[in-house]
Amino acid sequence: MIKRIFLIGILLFVTTFSWSQVGGVKTKSDEKMQWFQDAKLGIFIHWGLYAVNGIDESWSFYNGYISHDNYLKQTKGFTAKNYNPGAWAELIKKSGAKYSVITSKHHDGFALWNSKYSNFNAVKGSAAKKDVLSPFVKALRENNLKVGIYYSLPDWSYNDYTHFLRDSIRYKAKDEPKRWNTFLKYYQGQLKEIADLYNPDLYWFDGDWEHSSEEWEAPKVRNILFEKNPNTILNSRLQGNGDYATPEQGMPITRPKDKYWELCMTMNNSWGFQKNDRDYKTPNQIIGIFADVISNGGNLLLDIGPKADGTIPKEQVNILNELGNWTAKHKEAIYGSRAGIPKEHFYGPTTLSKDRKMLYLFVKGNPNGEIVVRGLKNKINRIWVVGNGTKLSHKVVGKVYWSHYPGITYIDVPEHALDDHITVLALLLDGEVDLYREDGAVIESN
């Protein structure tokens, strides 16, 4: 018996050790996150009742801008009569995105699929009278895109959920545990439905701030989803039980410390469709933000807000098409790349190939002839413009025999080689990127 226990212990140790991050060996989590880290671009979709009146999703009644009763009247206008999930998926693919995340249920509790746990859904509780989630998931799969499902933990319309309006709650979970348990069975039941129906590659949770991990039973939920698919990915909004961070709207100024992260961002100032919000970012601005994100090792989850009839606003279609033209041209510098070099070495976004032997420089605007790379120890074997193949010349100045300082590299970029948005240069190095990170030297003998 002792020998048997000893052998089992050894096997457990070896299994655990084989997935540990020792000496650069990838962990089991790293293997799972590989597609996500390589994807770089996803499309977020906020679609629900709020598109009917063009108002804030869920928050409009929660904050008292409209009564809950009037908010629910939008079910009569949610028709999805011109909804074409195949066209959505094709547009997303054309944008260069590798995955999409859709709001299966926002904080208002309205579900896009035919949930057996509630009649408040697109089939039983709206003018659409059809499941609008399932055909979209199918279309994503047919286009070889990864499937992400957004699910709101809170449900402000559900009578047995604690919170309702900003200035009022129904009860406290600790005071009415039986009622809270009713809600737990409801929301966990819906998640099991989603797992069984769609088996998502990624779950995008939201609203976890209203309760603790213990109250949400977050570890239990994580285990339920992993039992169905151990390789599924969870975002950070499950009270510490996620796989990656999700900063929102504002591009982080400094590089996030999280190994895996994703910036979710709107095209204008609204998540869902709002007719009056015409303050769209330009394609050039979005491409610039995207370049900054991947330069810092993250993904961009760019949002669209379809109308209640299922059509996507033309401004959003235009942005996705422009983005797609640029990503297609510069795909070698985007997909599968890793975070670039520190900004002290190049005043702009950069990425590196997985083997760190290819350095990509993202040049914004017209550099008027030259760009500068500082402190690059490597010999540059070749430089070309990504997407058109134009070879470029360079020279190194300031390198002297008595110092390890490698000098300053100047690269000539002719105007005719510039991209309409951002030009990308590929630098083929003589080995893994090697940067000079020391203080400058002083001449002591000459």
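This text goes with the structure placed above it.
Residues numbered from 1 in each chain as written. Predicted model: local features only at pLDDT ≥ 70, side-chain atom pairs only at ≥ 80, totals over all residues. Heavy atoms only, no water.

## Thoughts on the overall build of the protein
Then step 1. Counting its regular elements, the protein contains 12 helices and 17 strands.
Then step 2. The proportion of buried residues among the 446 residues of the protein is 54%.
Then step 3. In the protein, the proportion of contacts linking residues at least 24 apart, taken out of those at least 6 apart, comes to 69%. (Helix = DSSP H or I, 4+ residues; strand = E, 2+ residues; numbered from the N terminus. Buried < 20%, exposed > 50% of the residue type's maximum accessible area, 1.4 Å probe, protein only. Contact = heavy atoms within 4.5 Å.)

## As for the sheet that holds strand E16 (residues 408-413)
Then step 1. Across the sheet, which stays open at both edges, the 3 strands sit in the order E13-E16-E15 with antiparallel pairing between neighbours. Each edge of the open sheet carries a strand with a single partner, namely strand E13 (369-374) and strand E15 (394-397). Adjacent strand axes in the sheet meet at a mean angle of 25° when their direction is disregarded.
Then step 2. As defined by bridge partners, E13 adjoins E16 across 6 bridges and the pair is classed as antiparallel. The residue bridging Ile 371 from the neighbouring strand is Ile 411, located in E16. (Pairing = 2+ DSSP bridges. Axes fitted to C-alpha atoms, helices over the stretch in contact; angles between N-to-C directions.)

## Considerations on the sheet that holds strand E7 (residues 233-234)
Then step 1. A sheet is described by the order of its strands in space; here 7 strands give the open sequence E7-E6-E3-E2-E1-E9-E8, paired in parallel fashion. On the outer flanks of this sheet lie E7 and strand E8 (262-265), each paired with one strand and no other.
Then step 2. Examined bridge by bridge, E8 and strand E9 (residues 299-304) share 4 bridges and lie parallel to one another. Paired with Leu 263 across the bridge in E9 is Leu 300.
Then step 3. Packing of helix H6 (residues 85-95) onto the sheet brings it into contact with strand E1 (41-45) and strand E2 (99-105), and relative to E1 it is tilted by some 145°.
Then step 4. Against the sheet, helix H12 (residues 314-329) makes contact with E1 and E9, and its axis sits at roughly 155° relative to E9, the strand it touches most.

## Observations concerning the pattern of salt bridges
Then step 1. By the definition in use, this model includes 18 salt bridges.
Then step 2. The partner of Lys 220 in a salt bridge is Glu 217, and the shortest N-O contact between them spans 3.5 Å.
Then step 3. Several salt bridges converge on common partners, so that one network encompasses Lys 32, Arg 222 and Asp 243. (Salt bridge = Lys/Arg side-chain N within 4 Å of Asp/Glu carboxyl O.)

## Some words on the environment of Phe 362
Then step 1. Within the secondary structure, Phe 362 sits in strand E12 (residues 358-364).
Then step 2. Aside from chain neighbours lying at most four places away, what touches Phe 362 is Ala 291, Ile 294, Trp 326, Ala 333, Phe 346, Gly 348, Pro 349, Thr 350, Thr 351, Ile 422, Thr 423 and Val 424.

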